[in-house]
Structures are given as C-alpha cells and as structure tokens.
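Residues per chain are reported as follows:
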Amino acid sequence: MKPLKSEKTKLQKNYKDKEVVRFLPNFGHIKIAIKQLPSATTHDNDTISTFIRVDNKLKEIAFVKKRIQRGSKEVFRWVYEGKFLIREQDIEHLLD
C-alpha cells in the first residue's frame, strides 16, 4: 500500500531532518565556518548559524555567544557546542 501524499511529505521531511542531525563536520569544516563569523561583541543575537557547502549541499553549523572572563574584563566569544570529526590529515597538517 502506497503512502498518501501527505504521509509521503512527512516521511520526506523526517528523512531530511535526520540528514541535518547526522552531519558531523570535520576540522576543516569548522575552520571554514569560523571565517564567516561576525564579531561576537557587536552581534545582536546570542546564536548564529553559518552554512558551508559539502558535496554540493549546504550544511549548517551553529554557534552560541558566551560571556568569557578575560582577566578583569568580560568579553563575548562564539562557541561551537557540537562534536566534530578529526581526520588523520588534520593531525598531519598540524604537525607540519
């Protein structure tokens, strides 16, 4: 029995949602995303998402603004709170 059109749309949406959740950026992806970040001090929102192209698809990487104590001052910094994959080539490039 084929699913109804509305059920099919829900299945496709759920599948797409799982794709977004399954994206695990690597060290290089994080570096690309960081280059797109505005100043945390002057940015109005407490969150920001950057988008990078991976395999001809846009992937979202989200950052949260955090207040950090730097000596006697408090400053704002962007924090990536997810996990990222470290490839062997990432390690080799750091050792060069």
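Coordinates for the structure precede this section.
Residues numbered from 1 in each chain as written. Predicted model: local features only at pLDDT ≥ 70, side-chain atom pairs only at ≥ 80, totals over all residues. Heavy atoms only, no water.

A. Highlighting the pairing of strand β2 (residues 57-70). As judged from the 8 bridges shared by strand β1 (residues 47-54) and β2, these two strands associate in the antiparallel manner. The partner of Thr50 across the bridge, within β2, is Ile61. Pairing of β2 with strand β3 (residues 73-79) involves 7 bridges; the strand directions are antiparallel. Bridging across to β3, Arg70 finds its partner in Lys73. Here β2 folds back onto β3, and the loop between the two strands holds 2 residues, one of which, Gly71, carries a positive phi near 65 degrees. (Pairing = 2+ DSSP bridges. Helix = DSSP H or I, 4+ residues; strand = E, 2+ residues; numbered from the N terminus.)

B. The nonpolar core, seen in detail. One finds Phe23, Ile30, Ala33, Leu37, Ala40, Ile48, Ile52, Val54, Ile61, Phe63 and Trp78 forming the largest nonpolar core, which totals 11 residues. Secondary structure elements with two or more residues in this core: α2 (27-35), β1 and β2. Ranked by residues supplied to this core, first place goes to β1 with 3 residues. Dropping the residues within four chain positions of it, Ala40 is found in contact with Lys65, Phe76, Arg77 and Trp78. (Core = buried A, V, L, I, M, F, W, Y, C linked by side-chain atoms within 4.5 Å. Buried < 20%, exposed > 50% of the residue type's maximum accessible area, 1.4 Å probe, protein only. Contact = heavy atoms within 4.5 Å.)

C. A look at unusual backbone geometry. Its identity as a non-glycine residue notwithstanding, Asp55 has a phi of 55 degrees, on the positive side. Along the chain, Asp55 turns up in the loop between β1 and β2. A positive phi angle is found at Asn56, which is not glycine, with a value near 60 degrees. Mapped onto the secondary structure, Asn56 falls in the loop between β1 and β2. Residue class for Asn56 comes out exposed when judged on its relative accessible area of 69%.

D. Region of the structure containing the pattern of salt bridges. Tallied over the entire structure, the rule returns 3 salt bridges. Among the ionic pairs, Glu81 bridges to Lys66, the shortest N-O distance being 3.2 Å. Residue Glu81 is found in the loop between β3 and α3 (88-95), and its partner Lys66 is found in strand β2; the two are separated by 15 residues along the sequence. Glu81 sits in the exposed class, given a relative accessible area of 52%. Looking at Lys66, the relative accessible area reads 31%, which means it is partly exposed. Residues Arg67 and Glu74 are paired through a salt bridge, measuring 3.3 Å at the closest nitrogen-oxygen approach. For Glu74, a relative accessible area of 48% corresponds to the partly exposed category. (Salt bridge = Lys/Arg side-chain N within 4 Å of Asp/Glu carboxyl O.)

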